[in-house]
Amino acid sequence: LEFNQLKTVEENKKFMKTILGDKKIDICIDDGCHTEEANTKTLEAMIPHLSEEFVYFIEDISINWIRPFKEKIEKEHPNFNVTNNHPNMLVITRR
């Protein structure tokens, strides 16, 4: 599935609901627009469709905002584990 929409979070959630229904996914790779706004919208749209043991990759994140973005995700989603073992990538799993 290729998801390349940059709309509001609610529009993206409706779009993903249309595509996936109630299905859950195990692996998601966000290699999209490479902006914090786009990465946030994609993550928020995908959360309802992530399985209990998902792995979510966000690639090619700017070194200038990777740390604040990681902290933002951890704050907004305390049940997620967010790691940054690669200079330009975040890996998100459920705690």
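Structure report, in brief.

Turning our eyes to something else, we now look at the sheet that holds strand S1 (residues 25-30). Pairing in this open sheet of four strands is mixed, and the strands run S1-S2-S4-S3 from one edge to the other. Every interior strand has two partners, whereas the edge strands, S1 and strand S3 (80-86), have only one. Across this sheet, the average inter-strand angle for adjacent strands is 15 degrees, counted without regard to direction. The sheet contact formed by strand S2 (residues 50-58) and strand S4 (residues 89-94) spans four bridges and is antiparallel. Bridged to Ile-58 within S4 is Leu-90. In the packing of helix H3 (residues 66-76) onto the sheet, the strands contacted are S2, S3 and S4, and the crossing angle to S3 comes to about 160 degrees.

Criteria and thresholds
- Residues numbered from 1 in each chain as written.
- Predicted model: local features only at pLDDT ≥ 70, side-chain atom pairs only at ≥ 80, totals over all residues.
- Heavy atoms only, no water.
- Pairing = 2+ DSSP bridges.
- Helix = DSSP H or I, 4+ residues; strand = E, 2+ residues; numbered from the N terminus.
- Axes fitted to C-alpha atoms, helices over the stretch in contact; angles between N-to-C directions.
- Contact = heavy atoms within 4.5 Å.

Without other data, these values stay purely geometric and don't point to any function.
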